[in-house]
Amino acid sequence: MRRNPRHIDTSWIDRNGALLCLGLVLLAGVFYDDPNFSVYKRMAYSLFAYLSLFVILYFQRDKKNTLGDGVGSTVNRMLNIYIVFIFLNLVFTYYIGPVKAVTLFNHPLAFMAALTPLAIVVGARAEDRQVWVVFLLAIVFILLSFELPKLSKTPYFIGYGCSSVLIPMFAMSLKNRKHVVFAAIMLAVGIAYSLVSEYRIIALRILMFIPMLAGFWLIRRAYVFKLIMLVVTLVSVIYVVINIEAALAMFSDLAGRSNVDHTDTRTFLFEEFFTDMRPFELITGRGYLGSYFSPYFMNLMHQGDMSDFYQRFSIEVGVMELMLKGGVFYLLLSFAPILYVAFKGVLDDRYPLYVFAMSIYLFVEFIASFIENIPGFDLRTVLMYFMAGTIIKKMKTI
């Protein structure tokens, strides 16, 4: 007897995919609170992460129909190319060896991170109310982290991970105006949390998002001006990266805080990375288990500081992390669907404010990848691709 084709569309996992995908990733992040976390937390993280990954992979079976025509069709082709690449890179990882399978398939910054763009398909099937449930759960963890900074082994880390929901929550609130005030208050809470926890990137993301949203929306019907603003924004980011100490000093003055750390913790990473990587490795990367040598951390170890090893498995800047694990092709293919959807959402004035705002959010995440945003199987990375899928869904209805 043939199975009813509608059975797939009405299954429990299809109806609750968004809640399962994001909720399980959020719970996994609660247990991943330190690079050296205990074996019990590692097991809990792996359980929730693999359950979420199962949901993501489950939705791939109908990827083409889910993403649809137009923008979705182009993204589908991008994902097909990307899938071929990540498995070729997996073969390359085994070829250059040696390979520790447990690390390769269990570490959030290894092969699992390469599967996060597939969350676009889950986002394209998401129901708003399910996404809001995850957002509110994340808010609870942020508020708890205010009062219980050692809720995780690394103080404030859980709240830092959950803070990635603040901007997309505000963007989605613009569809239903009764949620806007609450979402705006949560942005203010996010800035306060950034100051308390000293995770500067939280405030930087919000402070990039607000003027970009306002500025682009004011000229939403002027295509050329929007392109000019994008260029100006990217140039400004490059300036901030080059002059990070001066930018942080200005931020602390505006915030009225004298205890904000102005230390440049990024420039030396760029210098070390590009010094250690050979030219052809910038193209191929070093595989999902790739690492690089850091003279800075070797010097710290010689001084008795054992906080990090000098042969580093990851690097704090997102764009360089992608190049370390898969070269320039990994970098380009990872961001191609994000940037394509974001450009469509910003440059086409047919779309309403909430789609526009979600597209600006994707630009902010891309820009932040030049400062931080390590791509991993975590809430921030999965949510970024998930929201790209949600934008595609909204575009199909307009």
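In what follows, the structure referred to is the one given above.
Residues numbered from 1 in each chain as written. Predicted model: local features only at pLDDT ≥ 70, side-chain atom pairs only at ≥ 80, totals over all residues. Heavy atoms only, no water.

J.: Mind showing me how you'd approach the overall build of the protein chain here?
T.: Looking only at helices and strands, the protein chain features 22 helices and two strands. The burial tally for the protein chain puts 53% of its 398 residues in the buried class. Counted over contacts in the protein chain with a minimum sequence separation of 6, partners at least 24 positions apart contribute 72%. As displayed, the protein chain offers around 18,400 Å² of accessible surface, 67% of which is attributable to carbon and sulfur atoms. (Helix = DSSP H or I, 4+ residues; strand = E, 2+ residues; numbered from the N terminus. Buried < 20%, exposed > 50% of the residue type's maximum accessible area, 1.4 Å probe, protein only. Contact = heavy atoms within 4.5 Å. Areas by Shrake-Rupley, 256 points an atom, 1.4 Å probe, with all protein chains shown as cover.)

J.: Mind showing me how you'd approach the environment of Leu322 here?
T.: Positionally, Leu322 belongs in helix 20 (residues 318-347). Aside from chain neighbours lying at most four places away, what touches Leu322 is Gly327, Tyr330, Leu331, Ser334, Phe335 and Pro375.

J.: Mind showing me how you'd approach the packing of aromatic side chains here?
T.: Tallied over the full model, the rule gives 23 aromatic pairs. The rings of Tyr82, Phe85, Phe87, Phe105, Phe111, Tyr288 and Tyr330 are connected pair by pair, giving a single aromatic cluster. In this structure, Arg61 is placed above the aromatic ring of Tyr58, and the distance from its NZ or CZ to the ring centre is 4.2 Å. The cationic tip of Lys325 hangs over the ring face of Phe313; the distance from NZ or CZ to the ring centre is 3.5 Å. (Phe/Tyr/Trp six-rings, centres within 6.5 Å; stacked < 30°, edge-to-face > 60°. Lys NZ or Arg CZ within 6 Å of the ring centre and 35° of its normal.)

J.: Can you walk me through the side chain of Ser164 in this structure?
T.: Within the element layout of this structure, Ser164 appears in the loop between helix 11 (157-162) and helix 12 (166-173). For Ser164, a relative accessible area of 5% translates into the label buried. A polar side-chain atom of Ser164 sits 3.0 Å from the main-chain carbonyl oxygen of Gly161. Non-local contacts of Ser164, meaning those with residues more than four positions away in its chain, are made with Leu379, Arg380 and Leu383. (Polar contact = N/O pair within 3.5 Å; in protein donor to acceptor, adjacent residues only side chain to side chain.)

J.: Is there a simple way to think about helix 13 (residues 180-197) in this case?
T.: Here helix 13 is 18 residues long and its end C-alpha atoms lie 25 Å apart, about the 26 Å a rise of 1.5 Å per residue gives. Looking at helix 13, one finds that the buried residues are Val180, Ala183, Met186, Leu187, Val189, Gly190, Tyr193, Ser194, Leu195 and Ser197. In the stretch just after helix 13, Glu198 is the one whose phi turns positive, near 70°. (Expected span 1.5 Å × (residues − 1).)

J.: Mind showing me how you'd approach the pattern of salt bridges here?
T.: When the charged atoms of two side chains with opposite charge come close together, those side chains can pair. In the structure shown here, the tally under the stated rule is 13 salt bridges. Note that Glu281 and Arg286 form a salt bridge whose closest N and O atoms lie 2.9 Å from each other. Look at Glu281 and you get buried, because its relative accessible area is 7%. Accessibility expressed as a relative area gives 16% for Arg286, which makes it buried. (Salt bridge = Lys/Arg side-chain N within 4 Å of Asp/Glu carboxyl O.)

J.: Any chance you could explain unusual backbone geometry here in plain terms?
T.: Across the chain, the bulk of peptide bonds are trans and the bulk of non-glycine residues have phi less than zero. Cis geometry marks the peptide bond from Gly97 to Pro98, where omega comes out at -15°. Residue placement: Pro98 occurs in the loop between helix 6 (71-96) and helix 7 (101-106). Residue Tyr156 is not a glycine yet carries a positive backbone phi of 70°. Locating Tyr156 in the fold gives a position in the loop between helix 10 (128-147) and helix 11. You can call Tyr156 buried: its relative accessible area is 17%.

J.: How should the environment of Trp132 be read in this particular structure?
T.: Considering the arrangement of structural elements, one finds Trp132 in helix 10. Taking C-alpha positions, Trp132 is 8.9 Å from Leu19, a pair spaced 113 residues apart along the chain. Beyond its immediate chain neighbours, meaning those up to four positions away, Trp132 contacts Met169, Met172, Ser173 and His179.

J.: For this particular structure, what's the right way to read the packing of helix 3 (residues 17-31) against helix 4 (residues 39-58)?
T.: Each pair of packed helices can be summarised by the angle the axes make with each other and by the distance between the axes. Following both chains from N to C, one finds helix 3 and helix 4 inclined at 160°, their axes separated by 8 Å at the closest point. One way to sum up the angle between helix 3 and helix 4 is to call them roughly antiparallel. For the crossing formed where helix 3 meets helix 4, the hand is left-handed. Contacts between helix 3 and helix 4 involve Gly17, Leu20, Cys21, Leu24, Val25, Leu27, Ala28 and Phe31 from the former and Lys41, Ala44, Tyr45, Phe48, Ala49, Leu51, Ser52, Val55 and Ile56 from the latter. (Axes fitted to C-alpha atoms, helices over the stretch in contact; angles between N-to-C directions. Parallel < 35°, antiparallel > 145°, perpendicular 65-115°, else oblique. Left-handed = near helix turned anticlockwise from the far one by under 90°.)

J.: How should I be thinking about the nonpolar core in this particular structure?
T.: In a soluble, globular protein the nonpolar side chains are often hidden away together inside. In terms of nonpolar packing, the biggest core is built from 126 residues, with Phe209, Tyr288, Ile360, Leu362, Phe377 and Phe386 touching the most fellow members. Here this core gets 14 residues from one element, more than from any other, and that element is helix 20. Each residue touching Phe377, except ones within four places of it in the same chain, is listed here: Val25, Tyr45, Ala49, Ser52, Leu53, Ile56, Pro108, Met112, Ala113, Thr116 and Val382. (Core = buried A, V, L, I, M, F, W, Y, C linked by side-chain atoms within 4.5 Å.)

J.: What's the story with a nonpolar patch on the surface in this structure? I'm lost.
T.: Side chains of Tyr223, Val224, Phe225, Leu227, Ile228, Val232 and Phe343 sit close together on the surface and give an oily, nonpolar patch of about 660 Å² of accessible area. Mapped onto the fold, Val232 is located in helix 15 (residues 223-242). For Val232, a relative accessible area of 47% corresponds to the partly exposed category. (Patch = residues over 30% accessible without salt bridge, like charges linked within 9 Å, V, L, I, M, F, W, Y side chains within 5 Å.)

J.: Quick question: what am I supposed to make of helix 19 (residues 295-302) here?
T.: One turn of the α-helix equals 3.6 residues, which is why residues spaced by three or four share an orientation. Taken together, the buried positions of helix 19 are occupied by Phe297, Leu300 and Met301. End-on view of helix 19: buried residues confined to an arc of 100°, all on one side of the axis. The inward-facing, buried residues of helix 19 abut helix 17 (267-276) and strand 2 (311-312). Positive phi shows up at Gly304, right after helix 19, with a value of about 95°. (Arc of directions from axis to C-beta.)

J.: Explain the environment of Thr103 to me, please; I cannot follow it from the model alone.
T.: Residue placement: Thr103 occurs in helix 7. Considering only alpha carbons, one finds Thr103 and Leu289, 186 residues apart in sequence, at a separation of 7.8 Å.

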